[in-house]
Structure formats: C-alpha cells, structure tokens
Amino acid sequence: MKTLLKNGYLFTGGSEPVRQELVVEDDRISALLAPGTVVEADAVVDLQSRAVIPGFVQTHVHLCQVLFRGRADDLALLDWLRTRIWPYEAAHDEDSTYLSALLGCMELLAGGATSVCVMESVRHADAAARAMEETGIRGVFGKAMMDYTDTPAALGGMPDAFIETTQESLDRSMALLKRWNGAAEGRIRYAFMPRGILTTSEEMLQELCRLGREYGVLVHTHACETVPESQLVEQRRGLTEIKYLHRMGLTGERLLLAHCLCIDDEDMEILRSTGTGVASCPLANLKLASGVAPLQRMKNSGVRLSLGSDGAPCNNNLDMFQEMKFAALLQKGINHDPTWMPAEDIFRIATEGGARVLGMEGETGVLAIGMKADLAVVDMNRREAAPAPLSVSTLVYAGNPGMVTDTMVDGRWVYRNGTFPGLDEERIRAHAAEAVERVLRRANG
Ligand SMILES: [Zn+2]
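Residues numbered from 1 in each chain as written. Predicted model: local features only at pLDDT ≥ 70, side-chain atom pairs only at ≥ 80, totals over all residues.

Asks: Describe the overall build of the protein, with residues and values.
Replies: The number of helices and strands found in the protein is 14 helices and 19 strands. By the compact-globule yardstick of 22 Å for 445 residues, the protein fits well, its C-alpha radius of gyration being 21 Å. Along the longest, intermediate and shortest principal axes, the C-alpha atoms of the protein span 65 × 50 × 40 Å. Every one of the 445 residues in the protein was classed for burial, and the buried ones make up 55%. (Helix = DSSP H or I, 4+ residues; strand = E, 2+ residues; numbered from the N terminus. Rg over C-alpha atoms; globule rule 2.2 N^0.38 Å. Buried ≥ 20, exposed ≤ 12 C-beta atoms within 10 Å, placed from the backbone.)

Structure follows, in structure tokens:
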C-alpha cells in the first residue's frame, strides 16, 4: 500500500515546516519529495496546506484512570491515592478497564499522540492492551506491581484487590509479557511497572533489574513526585529515591521515571551518567500541588527527557499541546527568564525525546525516510491560531487538539477527518458512562 500526502507542510526538524510531499509505503515513510513531484500511489491525500507533525510520544499515562476524570479533584497526592484512585482502580472490572482504555487511546490519537507508555492497575491490564491493539496506537504497557503491603499510615491500607505476593506479581507480569511483548506487528511492547518504591519490596526490585536485562524491556515507575513521599522513602529505605534505585542497579537506559520533581544535583548526575529517562508531567504536578520539575536544569545536565499527562483524574485530560505549553511556561516563570525552555526544545522533548526514553529511537518521533509512518495532520489556520505563522511556536503556544484532523500510526489512518475508522465512538461513550457508575457504586460499597 502506497499513500501520497501532498500539498502539505512537514515539520522535519527546525522551527518552521518545509513544503514537501510525503510518501508512505506500508508502515514506513518512504520518501520526502519536492512539491509537485508526480508519484503513482494507491491513495492520494490532498492536505490543502495543512501541516504534518511527527506524532507525540506520551510517556506516562494511566489509561485505567480515564473513567475517573473529574472524580478526584483538589486533593494532595497521598490523599488522592488513598481516598479515590486506589479504591476506584480496585473496583474496576475487565470491561470497565477496557472502556476506560478505549476512551484514553481515542483521546490520545485525536490529540496527535501516536505512542504512549501506559501504567495500568494491578489487575485487568490485558484489557488495556486490547484497547491499544484495537485503536491502533503504538505503546508500551505494564501492570502495576505492588507487592509491599506494609504501606505508611499516610497511604492507609492497600485495597484487597491489589494484594499479591512477590511471586504472584512476577508471574502475572511474565504472563503478560509473553502474551503481549511484540504483539500487533510489534506495535505493543511490555514493560515491568512497579508502582512506586513505597509499594514495592526490595526483593522485587532486584528481580526486575535482572528480568529487565534478560528480556530487554523497560522498567517504569514513579519517583520523586512529592517531598512527603520522598521523605517516607528515605525513612524506610535509607536513601533518597534516585540514589536508592541506583544502588539497586536499576538506573540506566532501560529505566523510565515519572516525575523527578524533588531531586538534587547528585540525583541529576546519576540520571545523566546512567542515561535514565524522565517522564515529566507538568499539569499533574500542578494540579496535585506537588510542584514544578527542574526541567531546564535537567536538560542542561544532559538528562533524557520526555512528557506525559499522567492520569486523567489529576490533569484532567491527555492533551500534549497543554503539556508542552505548561512545561515551557513554568520553566520561564519559576526562573524569571523567558529564554528558558524555548518552543523548539519542548516540541522535540514531546516527540523525539519520548521515542528515545521508550527505546523507540530511529523508529518513531521524527518525520524522516525509513521511520515508521506515525504522524498527525494539523490545521494551523484555525481561528485561535490565525494569522500566526506555520511554526513550532504556534504549535506550542497556540496549539490544541482541535487542530488535529487526522492521525496515522504504522502507516494506517487511526483517526480520519475527526472520526475513528472501525470504532463506534458514541456506543463506547455510552457504555463507559454506565461502567463508571457501576465502578463507583462498587468502590463506595
Ligand atoms: Zn502516574
């Protein structure tokens, strides 16, 4: 199958797009040609001066939480987890998890994200993988692993539905890895996802270090999200989070840490020297009042950075345009310096940067010949952006998901003219509305 995208402007790097024709053959970009080049193709799409961007790579999302959007506002992290998110997640069934993940994948694709790193709940992670497979998104996913049940008082007790022994957690993760790693023509990959240090035993972390290496898969966890949580880790494990993970042998290019807010210079040096990836979630950090990650300082130190939306109940959406804008503005604001985190840098972090931390460098994250055809078509001539120039600045500072008209993953249109081919969105949303009532009833006993 050969598709020609003509009369468009392509963001291939740099601050402004170039006028080029783009050819997709099967799952990859096969040519970038001068305007007007005649190409024989099975399908021709006239972009009518719209722009094409590499799809965003969202590196920290909980698809199972989409159903709880707007149900856990105005709470601090530990309360947010203890009183809402854990009981809600524990009340999920297979069908409600699937519907939650479907809604999340659709929102991501409609917002121009083509890849995602998904931390699911302890149970029903299969349902999220099914939704990823069916919606056509590319991604890494894993079930949350929580084998350490002696949680601090601030977190209360662990819901019964989460409780599993170290061996059960490892066995269930391995079964998912065998079922899904490399599934959907390689579009779906598995990763080990201990939820956080406070809920993971030392024994399990050691085992994940070994298994991650043996199977060549990522380990993804939350780290250094809030000061109280970091203090609890230090009290219980004797070291701050990054230093503890480093001592356990987990730091490295196959480790991806969500947040990394409260870190010192030594932590930053560990992250840099080991190539450990960071998934920064600026909106979630603001909404839970956790603070602001030192993104520019990490960038200056050479830490590998990416962006994620985290869960819908702490954001409350999965919109990479907002993440980019907030990430850039926060760095300027807290440092009283408008030159910090320029638009080009944050756009690169949201695309190439994400691909790099997920081990998908050279595969996705840029528009170039030989790369996977993972892209979004953006109408930058809408009222809220006109008459701004076609530039990265417009995408970052004036962009929004409403500008995305089409999204392609692996050479296949997964979002086309504002709809999802093969999916009945209305029906999915109606079922999701029923599911959320059922889950909340169960959670509230
Ligand atoms: Zn998270």
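Having seen it, we continue.
Asks: Pulling in residues and values, what's your account of the nonpolar core?
Replies: In terms of nonpolar packing, the biggest core is built from 142 residues, with V52, C105, A128 and M324 touching the most fellow members. Sorting elements by how many residues they give to this core places helix α2 (residues 94-110) first, with ten residues. Structurally, this core is a two-domain feature, drawing no fewer than three residues from each of domain 1 (2-54 + 371-415) and domain 2 (56-357). For A128, the contacting residues outside a window of four places in its chain are L63, C64, T97, A101, V118, E120 and F141. (Core = buried A, V, L, I, M, F, W, Y, C linked by C-beta atoms within 7 Å. Domains from an automatic or database assignment. Contact = placed C-beta atoms within 7 Å.)

Asks: Could you give an account of the domain arrangement of the protein, naming the residues involved and the relevant values?
Replies: The domains assigned to the protein are domain 1 (2-54 + 371-415) and domain 2 (56-357). Taking the mean C-alpha position of each, domain 1 and domain 2 sit 29 Å from one another. In this complex, domain 1 contributes 21 residues to the contact, which on the side of domain 2 involves 22 residues. Of all the secondary-structure elements, those providing two or more residues to the side of domain 1 that touches domain 2 are β5 (51-54), β17 (375-378), α13 (392-398), β18 (404-409) and β19 (412-415). Considered class by class, the residues forming the side of domain 1 that touches domain 2 number 13 nonpolar, five polar and three charged. (Nonpolar A, V, L, I, M, F, W, Y, C, P; charged D, E, K, R; others polar.)

Asks: Give me the lowdown on α2, citing residues and values where you can.
Replies: Over its 17 residues, α2 runs 24 Å from end to end, which matches the ideal 24 Å to within 8%, given 1.5 Å per residue. Within α2, 15 of the 17 residues are buried, which leaves the element mostly enclosed by the surrounding structure. At the exit of α2 stands G112, carrying a positive phi of roughly 85 degrees. (Expected span 1.5 Å × (residues − 1).)

Asks: Can you explain the packing of α2 against helix α14 (residues 425-443)? Please cite residues and give values.
Replies: At their nearest, the axes of α2 and α14 sit 9 Å apart, and the two run at 135 degrees to each other. Our classification of the angle between α2 and α14 gives oblique. With respect to the hand of their crossing, α2 and α14 are arranged in left-handed fashion. Along its contact with α2, which presents D95, S96, L99, S100, L102, L103 and M106, the element α14 presents E425, I428, H431, A432, A435, R438 and V439. (Axes fitted to C-alpha atoms, helices over the stretch in contact; angles between N-to-C directions. Parallel < 35°, antiparallel > 145°, perpendicular 65-115°, else oblique. Left-handed = near helix turned anticlockwise from the far one by under 90°.)

Asks: Help me get a handle on the pairing of strand β2 (residues 18-25), residues and values and all.
Replies: Two strands pair when backbone bridges link them, and strand β1 (residues 2-10) and β2 are joined in this way by seven bridges, in the antiparallel orientation. For K2, the partnering residue across the bridge sits in β2 and is E25. Bridge count between β2 and strand β3 (residues 28-33): five bridges; the pairing is antiparallel. Note on β3: the bridge partner recorded for V23 is A31. In this antiparallel pair of consecutive strands, β2 and β3, the connection spans two residues, and D26 shows a positive phi of 55 degrees. (Pairing = 2+ DSSP bridges.)

Asks: Summarise unusual backbone geometry; cite the residues concerned and give the values.
Replies: Geometrically, the link from N315 to N316 is a cis peptide bond, its omega value of 5 degrees lying close to zero. If you trace the backbone, N316 turns up in the loop between β16 (310-311) and α11 (320-335). A386 connects to P387 through a cis peptide bond whose omega is 0 degrees. As for its placement among the helices and strands, P387 is situated in the loop between β17 and α13. One non-glycine residue with positive phi stands out, namely A289, at about 55 degrees. Among the structural elements, A289 can be located in the loop between α9 (282-287) and α10 (295-301). The backbone of N417 shows a phi angle near 50 degrees, a positive value even though the residue is not glycine. Along the chain, N417 falls in the loop between β19 and α14.

Asks: So what about the environment of S280? Which residues, and what values?
Replies: Tracing the backbone shows S280 in strand β14 (residues 277-280). On the basis of neighbour count, S280 is assigned to the buried category, with 28 C-beta atoms found within 10 Å. Excluding residues within four positions of it along the chain, S280 makes contact with A293, L295, L305, L307 and A327.

Asks: Break down the pairing of β5 for me, citing the residues and quoting the values.
Replies: Across the two faces of β5 the burial is the same, with A51 and I53 and V52 and P54 all buried. In this sheet, β5 lies alongside β1 in parallel orientation, the contact comprising two bridges. If you follow L10 over to β5, its bridge partner there is V52. Two elements, β5 and β17, share four bridges in a ladder whose sense is antiparallel. Its bridge partner being in β17, V52 is matched across the sheet by V377.

Asks: Give me the lowdown on the environment of H246, citing residues and values where you can.
Replies: Looking at where H246 falls in the secondary structure, it is placed in helix α7 (residues 241-247). Since 21 C-beta atoms lie within 10 Å of it, H246 is described here as buried. Considering only alpha carbons, one finds H246 and K143, 103 residues apart in sequence, at a separation of 23 Å. Excluding anything up to four places from it in sequence, H246 contacts T251 and I270.

Asks: Kindly report on the packing of helix α4 (residues 166-180) against helix α5 (residues 202-215), identifying the contributing residues and their values.
Replies: Between α4 and α5, whose axes approach to 11 Å, the crossing angle comes to 20 degrees. Taken together, the axes of α4 and α5 are roughly parallel relative to one another. As for how α4 packs across α5, the hand of that crossing is right-handed. Here α4 contributes T166, S169, L170 and L177 to the contact with α5, which in turn contributes E203, M204, E207 and Y215.

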